[in-house]
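So you can see what is in the structure, the chains are spelled out below.
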Amino acid sequence: MSGKSPLGLLASVPFEAGHIRKHLRNVRLEKHVARGTLKERPVALLVSGMGAANAAWGATVLIERAEPCALVVLGIGGAYPGSGLAVGEVAACEREVYADLGVLTPGGLAGLEATGIPLLRRGRKTYFQEFPLDRGLLRKALRHLHIRSGTFLTVAQVTGTLRRARELRRRFGALCENMEGAAAAQVCARYGVPLLEVRGISNMVSDREPASWRKREAARNCQHAVMELIGVL
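Undergrad: Honestly, the environment of Arg 124 in this entry has me stumped. Any pointers?
TA: With respect to the element layout, Arg 124 can be found in the loop between β9 (120-122) and β10 (125-127). Judged by its relative accessible area of 87%, Arg 124 falls in the exposed class.

Dropping the structure here:
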């Protein structure tokens, strides 16, 4: 394996990374991190567990131990009605937003700006609940994959009603939701590590009906997309 800095890959659950894991070569395990090569490119893969706290831990471990040149978050997500996305499609993130974070007022949920206390200050940048992802990596992904991109929301609870889905879509103009992306984006912003997020759509966010979800298909499509990007990121 070359001495080149690896590309970090972060997924939340095993089936979101299983296809990639099977194609890793020269694998060695280093305390939660699987290091190896993918299409002759050094990579470091970690499966963190579901949710924001696990994602923050996973991103920190990857950055501290593997010192990646960039990080890619991959997995599945639910698409909002009106997003233009269909189940099975893959989308890339332009900005991650903590959708549940803020101040609950009589007029509704206000952003964290209402407190005047940001989550992070780094240099001249101040971050409340919104984290833009790396534009250079996003441009490469869009040029190579020809997929949709837009705002992703990180939620603490999976949206299970059409009414709430429409509310989130209307408020943020978001494409889809997940439970980890904003936490990984926050950690990457703190360390100054470029981040790309790619997700396969497993379901439309509506009145909850898990039997109709296609999680495995979405995860497989997302991993195929990431593997196509290995040589261009």
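Having seen the structure, we can now continue with the description.
Undergrad: Just to check I follow, could you spell out the pairing of strand β2 (residues 25-30) for this structure?
TA: It is a general feature of regular strands that their side chains alternate between the two faces of the sheet. Both β2 and strand β3 (residues 33-38) contribute to a ladder of four bridges, which runs antiparallel. If you follow Arg 25 over to β3, its bridge partner there is Thr 37.

Undergrad: How should I be thinking about unusual backbone geometry in this particular structure?
TA: One can expect most non-glycine residues to show negative phi and most peptide bonds to be in trans. Phi at Asn 26 is positive, roughly 55 degrees, even though this residue is not glycine. As for its placement among the helices and strands, Asn 26 is situated in strand β2. The phi dihedral of Glu 40 is positive, around 70 degrees, even though this residue is not glycine. Tracing the backbone shows Glu 40 in the loop between β3 and β4 (41-47).

Undergrad: Looking at this structure, how should I read the layout of surface pockets?
TA: In this approach, a probe sized like a water molecule rolls over the atoms, and the result shows the empty space that is left. Here the largest pocket is characterised by a volume of approximately 380 Å³. Lining the largest pocket are 21 residues, with Met 50, Ile 76, Val 158, Met 179 and Trp 213 sitting closest to its centre. Elements that contribute at least two residues to the lining of the largest pocket include exactly β5 (70-79), β13 (174-178) and β14 (195-204). Tallied by class, residues from the lining of the largest pocket come to nine nonpolar, seven polar and five charged. Of the voids in this model, the second largest pocket is the one considered here, and its volume is about 320 Å³. Contributing to the lining of the second largest pocket are 14 residues, with Lys 125, Tyr 127, Pro 132, Ala 189 and Val 193 lying nearest its centre. With three residues, helix α5 (residues 181-191) is the single largest residue contributor to the lining of the second largest pocket. Grouping the amino acids of the lining of the second largest pocket by side-chain chemistry returns 10 nonpolar, one polar and three charged.

Undergrad: Any chance you could explain the packing of aromatic side chains here in plain terms?
TA: Each pair of aromatic rings is reported with the distance of its centres and the angle of its planes. Summed over the entire model, instances satisfying the criterion amount to two aromatic pairs. On the numbers, 6.2 Å between centres and 80 degrees between planes, the contact of Tyr 98 with Phe 131 is edge-to-face. Here the residue Tyr 98 occupies a position in strand β6 (residues 90-98), and Phe 131 occupies one in strand β11 (residues 130-132), the gap between them amounting to 33 residues. Taken together, a centroid distance of 5.1 Å and an interplanar angle of 10 degrees make the contact between Tyr 127 and Phe 131 stacked.

Undergrad: I'm lost on the side chain of Glu 197 in this one. Help?
TA: By secondary structure assignment, the location of Glu 197 is in strand β14. The contacts of Glu 197, once residues within four sequence positions are left out, are Val 73, Ala 91, Ala 92, Cys 93, Glu 96, Leu 133, Phe 152, Asn 178 and Gly 181.

Undergrad: Looking at this structure, I do not really get the nonpolar core. What am I missing?
TA: The tendency in soluble globular proteins is for nonpolar side chains to be buried as a group. Counting residues in hydrophobic clusters, the biggest one holds 34 residues, and the most contacted among them are Leu 10, Leu 62, Leu 71, Phe 131 and Leu 195. For this core, the secondary structure elements donating two or more residues are β4, α2 (52-66), β5, β6, β13, α5 and β14. Sort the elements by how many residues they give to this core and α5 lands first, with seven residues. Within the second largest apolar cluster, 28 residues are counted, among which are Ala 92, Leu 137, Leu 145 and Leu 233.

Undergrad: Could you clarify how one ought to interpret empty space enclosed by the protein in this entry?
TA: As enumerated under the stated definition, the model contains one cavity of 30 Å³ or more in all. Considered as a void within the structure, the largest cavity measures approximately 60 Å³ in volume. As for the largest cavity, its lining consists of Leu 10, Ala 11, Ser 12, Glu 16, Ser 48, Ala 55, Val 73, Leu 74, Glu 180, Ala 184 and Arg 199. Secondary structure elements with two or more residues in the lining of the largest cavity: β1 (7-11) and β5. Classifying every residue of the lining of the largest cavity by side-chain character gives six nonpolar, two polar and three charged.

Undergrad: Help me understand helix α3 (residues 135-145), please; the structure alone is not making it clear to me.
TA: Taken together, the buried positions of α3 are Leu 137, Leu 138, Ala 141 and Leu 145. An end-on view of α3 places all buried positions within 100 degrees of arc, on one side of the element. Along α3, the residues that are exposed and aim more than 90 degrees away from the buried face are Arg 135, Arg 139 and Arg 143. Looking at where α3 begins, the residue whose side-chain oxygen comes 3.2 Å from the main-chain nitrogen of Gly 136 is Asp 134. Directly beyond the C-terminal end of α3, a positive phi value near 55 degrees is found at His 146.

Procedures and definitions
- Here the residue numbering is sequential within each chain, running from 1 through the sequence in written order.
- Selection of residues for local features in this predicted model requires a pLDDT of at least 70, selection of side-chain atom pairs for listing and counting requires 80 or more, and totals for whole chains, interfaces and linings are taken over all residues.
- Side-chain numbers here rest on the full set of heavy atoms in the structure, without hydrogens or water.
- Where helices and strands are cited, they refer to DSSP runs of H or I of at least four residues and of E of at least two residues respectively, numbered from the N terminus.
- In this scheme, a residue with accessible area under 20% of its type's maximum is buried, one over 50% is exposed, and one in between is partly exposed, where area comes from a 1.4 Å probe on protein chains only.
- By this definition, two strands are paired if DSSP reports at least two bridges between them.
- Think of a 1 Å grid over the protein atoms and nothing else: a 1.4 Å probe that fits but is trapped marks a cavity, an open set flanked by protein within 12 Å on at least five of seven lines marks a pocket, and residues with an atom within 4 Å of a point count as lining.
- Grid points are joined across faces, edges and corners, and a volume is the space filled by probe spheres set on the points.
- In this count, Pro and Cys sit with the nonpolar residues alongside Ala, Val, Leu, Ile, Met, Phe, Trp and Tyr, while Asp, Glu, Lys and Arg are called charged and the others, Gly among them, polar.
- For Phe, Tyr and Trp, where Trp contributes only its six-membered ring, two rings pair if their centres lie within 6.5 Å, and the inter-plane angle classes them as stacked under 30 degrees, edge-to-face over 60, or tilted in between.
- It only takes one pair of heavy atoms within 4.5 Å for two residues to be counted as in contact.
- Only buried Ala, Val, Leu, Ile, Met, Phe, Trp, Tyr and Cys residues count toward a nonpolar core, and they belong to the same one when joined by side-chain atoms within 4.5 Å.
- The arc in question is formed by the directions pointing from the helix axis toward the C-beta atoms.
- Counting of polar contacts relies on pairs of N or O atoms within 3.5 Å, with two restrictions inside protein: one atom must be capable of donating a hydrogen and the other of accepting it, and residues adjacent in sequence are counted only when both atoms are side-chain atoms.

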